[in-house]
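# Observations on the model geometry
Read off the chains here:
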Amino acid sequence: MATETPLAEHIVLVGVNHTTAPVEIREKIALATGYDQPLPALRQLPGCRECFFLSTCNRVEALIVGAGGNEAAQALAAFFFGNELTESYANFLYRYEEAAAVSHLFTVASSLDSMIIGETQILGQLKAAYRQAAEAGCTGAVLNRLLPKSFTVAKRVRSETGIGLSAVSISYAAVELAKKIFGSLQGKNVLLIGAGEMAELAMEHLLNQKIAAVTVVNRTLARAEALAERFHGQAVAWPELLARIETADIVISSTGATGLILRKEDVIPIMRRRRNRPLFFIDIAVPRDLDPALNELANTYLYDIDDLGGIVDVNRGEREKEAVKARRIVAEETEKFMRWRRSLALNPTILQLRRHIEDISARELAKTTARMPGLSEADYAALERMLAAVAGKILHAPLQYLKQGDAAPEQENKVDVIRRVFGFDDEEPVS
Amino acid sequence: MERMTYLLFDAVLAVTLLTAVVYLAFFIRQNSGLRHVARILMMVSGVLQLLYIFARFSILGVIPLTNPHEAVVFFACATTWAYLTFRWRYKVKNFGAFVSLLVALLLLLAASFPTAFAPPPPVLRSLWLPAHAGLSLAAYSFFSLAFCGGLMYLLQERELKTKRFGYFFSRLPSLDALDQLNSHCLAIGFILLTMGIISGSLWLSQVYGVYWRWGEKEVSSVVIWLIYLLQLHQRFTVGWRGKRAAVMAVIGFAIIVLTLVLVVAPPGGAGIHGN
């Protein structure tokens, strides 16, 4: 058995998300090929015992349990950016260890780190990623506890705080507004610009409104096709954007573009060709995709995320309060998980102690029986039982001592005391 | 008989005012029971207005469009029935509240004019005159509905554009419904107005021997006709709709009211083509 002294293995999380890296950077690492390639690559990193990989439109993260330290960090950064690794690229990465890594994972799972705080899709994506990692045999004792735990934390946050309300309401508010503009949404055409999870989220309530057709336009056509398939819609290439706006009624934009993709001047001729049929723009991208001046055009209505959020009576202060509550839950659960981690660090000491005594017993038994050739099997067994009983009696008190009380510093002290009393750290551990 | 007629007018006024009050209460409270009551009251008001006009007709022997009072009552009655027929085809949320208020205001205006029966001068005894006045007023009634819809559109559009959702957002219908209302009223109103102008021209030829004079009434009716023609044309060619159509409906109605004051009750007296 390998040495499992406390802190011999680290939980390390490295990643980029929508706030740390622009979409061009994320696209470079968001491996469209899925999980088949990155998981084995992670596995082969030096010192990696367990690994997990998550890739969504808004984030790419790798979670590793293994040897910590700078070397591992370098290897992980290289994993993300390959040969293109430069100083500037490394700046896009964030890196968390141990409690910070656990807390970050719980925050992500609870959708507190999402573009639309409180959206539920991230949980499904996490679960799928976990399934991939587990099937590939990449998870072990730590991740098999940590990831399922993150799902329950997310559920707890959802049920104990109102954080989910604002996300659900964005789609709902979009439908309510659309109804005030168009009356019925039956037969209306919806155009999605950008094929991310945000687009899917916004569609949630619209899909029940008997809309005529959904068209998805995206810079990467393959992604557009994937999303369009879900809505039985049509995917079109980026250059067709303006032509598609002409036939649409509701346009939902959620690209990760850093600048505006549609300006007032682009829409003026379109409105003329549409003979002023109303056009409802919903901009859920951060930063914005659509020119705010679109709202000034006649028969054109533009709403961004904040406008939509403002409709439902969850005001900003209320949302902040809920977020604080959610973060408290995350902190609480992180603390609980880390306590479990420490108890895991305690286990090797218990194991080592038991083995130490067992080893002495076995060695002494062998020495003694070697000088007793006429020993019957029954006598041998009796001797063995006696030694086991002695070992058990000797171990009883120290084990009780180790297992009692779970306050963190006290426990680490106890482990330390036992290790010193039995001289575990002076010699090569018994294997 | 005349006394009875006056009593009938009091009843019209009372029921119509009550209708407006109940519609207003419904608008504020949004209680569907109130709406049901308001709808029935509106029907009763419409029937009473018809009875009143018929009563005056049976006394005068001509279609009662000979003085300001009668003209405004006819206008109110036409608006009521235009609304009732419209409601039968389209549903526009809380439209009744606005229309009932307008009808009530028109009837109050009618009550402010002398209600006495005056035998009409012979020049007004032509059949073309009631045809002309009736058609024109019916056209105006549809334009007045477009006016109410236009006001509602502007209120609702403002909330949608400024993204501040206040009192009206939930109480007013969708922009699309209001725009359809505008288009519907515009089309019907324009046809009626055209027929009204043609019949007016025929009446002129009968009385004065010419089809057209460039008097102020003729000019103002041509102006109104051109305003609505422009709206109709722009709507069906380049798609004038929404806010612009709503503003035009309001402006058109304002000009109609001005003209009506000029024609029906000019500041100097006389009125109704009496000069």
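Treat the numbers as computed from the prediction; the structure is a model and nothing was measured. (Residues numbered from 1 in each chain as written. Chains lettered and ligands numbered in written order. Predicted model: local features only at pLDDT ≥ 70, side-chain atom pairs only at ≥ 80, totals over all residues.)

## Some thoughts on the overall build of chain B
Summing up its helical and strand segments, chain B has eight helices and zero strands in all. N-terminal to C-terminal, the α/β element order of chain B is α-α-α-α-α-α-α-α. Residue burial in chain B is summarised as follows: out of 275 residues, 44% are buried. By sequence separation, contacts in chain B at least 24 residues apart represent 80% of the contacts at least 6 residues apart. (Helix = DSSP H or I, 4+ residues; strand = E, 2+ residues; numbered from the N terminus. Buried ≥ 20, exposed ≤ 12 C-beta atoms within 10 Å, placed from the backbone. Contact = placed C-beta atoms within 7 Å.)

## Let's talk about the overall build of chain A
Across its full length, chain A carries 16 helices and 10 strands. Counting all 431 residues of chain A, 37% fall into the buried class. Long-range contacts, defined as pairs at least 24 residues apart, comprise 73% of the intrachain contacts of chain A with a sequence gap of at least 6.

## Some details on the confidence of the model for chain A
Residues at a pLDDT of 70 or more form 86% of chain A, whose mean pLDDT is 81. Note that pLDDT drops below 50 for residues 1–7 of chain A; the model gives that stretch six contacts with residues more than four away or on any other chain. (pLDDT = per-residue confidence, 0-100.)

## Points about the sheet that holds strand 2 (residues 48–55) of chain A
Residues and elements named next belong to chain A. An order of 2-3-1-4 is seen for the four strands of this open sheet, with the pairing classed as antiparallel. In this open sheet, the two edge strands, each paired with only one partner strand, are strand 2 and strand 4 (94–97). Pairwise comparison of adjacent strand axes, ignoring direction, gives a mean angle of 15 degrees for this sheet. (Pairing = 2+ DSSP bridges. Axes fitted to C-alpha atoms, helices over the stretch in contact; angles between N-to-C directions.)

## Some words on the packing of helix 2 (residues 32–60) of chain B against helix 3 (residues 68–89) of chain B
Any two packed helices are characterised by the angle at which their axes cross and by the distance between the axes. Residue and element names in this part refer to chain B. Running from N to C, helix 2 and helix 3 point in directions that differ by 145 degrees, and their axes come no closer than 10 Å. As helix 2 runs across helix 3, the sense of the crossing is left-handed. Contact with helix 2, carried on its side by M42, M43, S45, G46, Q49, L50, Y52, I53 and R56, involves E70, V73, F74, A76, C77, T80, W81 and L84 of helix 3 and no other residues of that element. (Left-handed = near helix turned anticlockwise from the far one by under 90°.)

## Description of the interface of chain B and chain A
In this complex, chain B contributes 14 residues to the contact, which on the side of chain A involves 16 residues. Only helix 5 (128–162), helix 6 (175–208) and helix 8 (242–264) of chain B provide two or more residues apiece to the side of chain B that touches chain A. Partitioned by chemical class, the residues of the side of chain B that touches chain A number five nonpolar, three polar and six charged. (Nonpolar A, V, L, I, M, F, W, Y, C, P; charged D, E, K, R; others polar.)

## A look at the sheet that holds strand 5 (residues 189–193) of chain A
Residues and elements named next belong to chain A. Read from one edge to the other, the open sheet built from six strands follows the order 7-6-5-8-9-10, with strand pairing classed as parallel. In the strand order of this sheet, the two ends are held by strand 7 (234–237) and strand 10 (300–304), each with one partner. The sheet shows a mean angle of 20 degrees between the axes of neighbouring strands, direction not considered. Summarising the sheet, strand 5 and strand 6 (residues 213–218) pair through five bridges and their orientation is parallel. Bridge pairing in strand 6 places V190 opposite V214.

## Brief notes about the environment of A101 of chain A
Looking at the element boundaries, A101 of chain A is found in helix 5 (residues 98–109). A C-alpha to C-alpha distance of 8.3 Å links A101 of chain A and L63 of chain A, two positions 38 residues apart in sequence.

## As for unusual backbone geometry
Of note in the backbone geometry, S111 of chain A takes a positive phi value of approximately 65 degrees without being a glycine. Tracing the backbone through its elements, the reader meets S111 of chain A in the loop between helix 5 and helix 6 (121–135). Positioned with a positive phi, N94 of chain B is a non-glycine residue whose angle comes to about 60 degrees. Here N94 of chain B is to be found in the loop between helix 3 and helix 4 (95–112).

## Details of the packing of helix 1 (residues 2–29) of chain B against helix 2 of chain B
All names here are of chain B. At a closest axis distance of 8 Å, the pairing of helix 1 and helix 2 adopts a crossing angle of 160 degrees. It follows from the interaxial angle that helix 1 and helix 2 lie roughly antiparallel. For the pair helix 1 and helix 2, the crossing hand works out as left-handed. Grouping the amino acids of the contact of helix 1 with helix 2 by side-chain chemistry returns 21 nonpolar, five polar and four charged. (Parallel < 35°, antiparallel > 145°, perpendicular 65-115°, else oblique.)

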